[in-house]
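# Inside the fold
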Amino acid sequence: MEYRFSDLVDIRHLRELMLPFYELTGIPYAILDADGNILDKIGWREICDDFHRVCPKSEKNCRESDSYISSHLHDGPFIRYQCLNGLMDYAIPIIIEGLHLATLFTGQFLHEPPDEEYFRRQAREFGFDESAYIEALRMVPIIPKERAESIVVFFSQFAQFLALLGLEKKRQLEAADQALKKQKERLRLVLESSDDGFYDWDIETGEVYYSPRWIKMANSSPESMEPHIRAWEKLIHHDDKPSVMKQLCEHLAGHTARFESEYRLLTGSGDWKWVMGRGKVMERDENGRPLRMVGTLLDVTELKQAKEALEAEHYRTLSLLERLPASVFLITPGHEVVFTNIFIREMYGKLLNKRPCYEILHGLNAPCGDCPMEDVLKKNATVERECVTILGRSIHNYYYSFVDIDGSLLMLALGIDITEQKRLDLEIARLDRLNLVGEMAAGIGHEIRNPMTAVRGFLQMLGEKDDCARYKDYFELMIDELDRANSIITEFLSLAKNKAVELKPKDLNNIVHAILPLISADAIVTDKYIEVVLNDVPNLLLDEKEIRQLILNLARNGLEAMSPGGLLTLKTFFESDEVVLAVVDQGGGIEPAVLEKIGTPFYTTKDNGTGLGLAVCYSIAARHKASITVDTGPAGTTFSVRFKTAEKNGS
């Protein structure tokens, strides 16, 4: 690489050094580059600047003198020459590694007093103002030859010093240049081996250098790829272009530290590929206007597809957890909940994270006494446990240790709600008992009733004889007890599973209206009230006689559960493809211990009850493929009989 003298020596600093020297000695100097251009000068005389270098004739003498000096500059360490205009000049070449890069001049003085007559003739020859020219001549210093040559020796040594400075600077620049070449070569190798394409954009002209990898990424060729920014703009997908351009403009305006955008790029084969474009403005003018931007382009199609597949898998896993019909908890060793699925959030509310599990599930202020946390986390054991939550739900829990994404150890709790299962188990047990009693009723009911009928007949006959009149009260008491036993047997027979029923399409509301006078009479006797709320419901396949018995039993139970002044409500409505008959009382509710046994034959809380009324209701519901649910509390109890419609019933 070729260097100029001004590249190797700081001219400004050189002037700062030589100016005090001139002020101290009065010796002028000048530095010219190899092409004769003046880099700096100090102390040049008026006779040269204002006269010799102005007049064409005298200026020609100056150029001829300069030419002579240049041609003889390398004849010795320096050249001494009396210019054609009569002044003495000295020149010292500055050689750096064999190259003449500059010339150090001094002179424009005389060795002895001048011949004024000679200079007057010269003034008249060149047309100068003679008096002004002579005045300028008298300002030229007179330096004897011996002293002048001593000064030139100093300048020669100074020229060598400048050459050494230039040489050192040259070596530094060459080393930096070599390092830069290595760096460029290293960068070239990196860019060629990298998957990234590289671009260099001259923003003022719009011209862009696209690296071979960039062009290859676009499935194009260097010949077909226009080296301009518009070539890139044409390849951006039209749906992505507004966003890409917005991000680019924000960066060019200096609002963002870098440009980064993911978009689709059209390839030469007509396909679209996902790329990640990055860039940064590397040069701006004094007003902040961007001048140059460089950046990279990376094909992220496979990464995008893998990311989308991972997101789909993540969504599938999360969706599975969310839709799992079981509770899912992640709990820290400090009992804080950090994850719940929708099954739990819908049951307990959405704001569950960072709350203690014992507070959410059991309403406690401290961990449960049988908390499995220590066994799960310290012993890595799997714990299985059943509990009842604050909502009264029975949950069968499985506890496992779980390593979170950050490596922290958590407890995973999976819970299956077995409330309905337990209810069904109780229902099945109750139905099993009903079936057993029903089978017994079917087997022995008639065998008991026949001899009782005979006994009642003979007692009635004996009570009518005159000789037995004194025993009439006893006979009537026995007959009443037999009648009571017979009524129990009648209800008992109603429990028979295989009891014949005659199902016909009936309007449930009509049946309620038909039996309402009987229920109202019972209510009036006990100073209670009846309310009927009947909505339009579809016809059902019903045995009217049995449904009357079911309604009457439930209504009388409700009336007996209330104090005088209470209100019993009979309702019918359509809900979730089922016709519902609801009997609502305002009693004190049913105790949990009683609720578990309700419907069991011969279980009663009444002083004179048989324990068959509700058992008969459950049997009737079963024969109609209906179900009975109970909702009880301090404000009262609701018995709901849920009938499936004809379509749901499979009829």
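See the structure shown above.
The model shown is predicted, which means the values in this text are computed figures rather than measured ones.

What counts as what
Residues numbered from 1 in each chain as written. Predicted model: local features only at pLDDT ≥ 70, side-chain atom pairs only at ≥ 80, totals over all residues. Heavy atoms only, no water. Helix = DSSP H or I, 4+ residues; strand = E, 2+ residues; numbered from the N terminus. Buried < 20%, exposed > 50% of the residue type's maximum accessible area, 1.4 Å probe, protein only. Contact = heavy atoms within 4.5 Å. Areas by Shrake-Rupley, 256 points an atom, 1.4 Å probe, with all protein chains shown as cover. Axes fitted to C-alpha atoms, helices over the stretch in contact; angles between N-to-C directions. Parallel < 35°, antiparallel > 145°, perpendicular 65-115°, else oblique. Left-handed = near helix turned anticlockwise from the far one by under 90°. Nonpolar A, V, L, I, M, F, W, Y, C, P; charged D, E, K, R; others polar. Pairing = 2+ DSSP bridges. Phe/Tyr/Trp six-rings, centres within 6.5 Å; stacked < 30°, edge-to-face > 60°. Expected span 1.5 Å × (residues − 1). Polar contact = N/O pair within 3.5 Å; in protein donor to acceptor, adjacent residues only side chain to side chain.

## What to know about the overall build of the protein
When you go through the protein residue by residue, the secondary structure sums to 20 helices and 22 strands. A total of 651 residues make up the protein; the buried ones form 38% of that total. Put simply, of all contacts in the protein between residues at least 6 apart along the chain, 55% involve residues at least 24 apart. Counting only carbon and sulfur atoms, one obtains 54% of the accessible surface of the protein, whose full area is about 37600 Å².

## Looking at the packing of helix H5 (residues 116-126) against helix H6 (residues 130-138)
Angle between the axes and distance between the axes: these two values describe a pair of packed helices. Between H5 and H6, whose axes approach to 9 Å, the crossing angle comes to 135°. Comparing the axis directions of H5 and H6 gives the class oblique. Relative to H6, the crossing made by H5 is right-handed. Of the residues in H6, those touching H5 at Glu-116, Phe-119, Arg-120, Gln-122, Ala-123 and Arg-124 are Glu-130, Tyr-133, Ile-134, Leu-137 and Arg-138. Tallied by class, residues from the contact of H5 with H6 come to 5 nonpolar, 1 polar and 5 charged.

## Considerations on the sheet that holds strand E14 (residues 394-403)
Strand order in the open sheet made by the 5 strands is E12-E11-E15-E14-E13, with antiparallel pairing throughout. Either end of the sheet is taken by a strand with one partner, and the two such strands are strand E12 (337-340) and strand E13 (383-388). The average angle at which neighbouring strand axes cross in this sheet is 25°, direction not considered. As paired strands, E14 and strand E15 (residues 409-417) are joined by 9 bridges and run antiparallel to one another.

## Side note on the packing of aromatic side chains
Tallied over the entire structure, the rule returns 17 aromatic pairs. Their ring planes at 70° and their centres at 5.3 Å tell us that Phe-51 and Tyr-133 sit as a pair that is edge-to-face. Taken together, the residues span a long stretch of sequence, with Phe-51 in helix H3 (residues 46-52) and Tyr-133 in helix H6 at a distance of 82 residues. Residue Phe-51 shares its accessibility class with Tyr-133, and that shared class is buried. Each residue in the set Phe-51, Tyr-118, Phe-119, Phe-126, Phe-128 and Tyr-133 is aromatic and connected to the rest through ring pairs, giving one cluster.

## Observations concerning helix H2 (residues 11-25)
Between its first and last C-alpha atoms H2 spans 20 Å; for 15 residues at 1.5 Å apiece the expected length is 21 Å, and the two agree. All of the buried residues in H2 are Ile-11, Leu-14, Met-18 and Phe-21. Capping the start of H2 is the job of one residue whose side-chain oxygen sits 3.1 Å from the backbone nitrogen of Arg-12: Asp-10. Directly beyond the C-terminal end of H2, a positive phi value near 75° is found at Gly-26.

## Things to note about the sheet that holds strand E2 (residues 38-42)
By definition, the strands of a sheet pair up through backbone hydrogen bonds, in either a parallel or an antiparallel sense. A sheet is described by the order of its strands in space; here 5 strands give the open sequence E2-E1-E5-E4-E3, paired in antiparallel fashion. Only two strands of the sheet have a single neighbouring strand rather than two, namely E2 and strand E3 (79-82). The sheet shows a mean angle of 20° between the axes of neighbouring strands, direction not considered. Here 9 bridges tie strand E4 (residues 88-96) to strand E5 (residues 99-109), and the two strands are oriented antiparallel to one another. Residue pairing in the sheet places Tyr-90 in a bridge with Thr-106 of E5. Contacts from helix H4 (residues 56-71) reach E3, E4 and E5, with the element oriented near 160° to E3.

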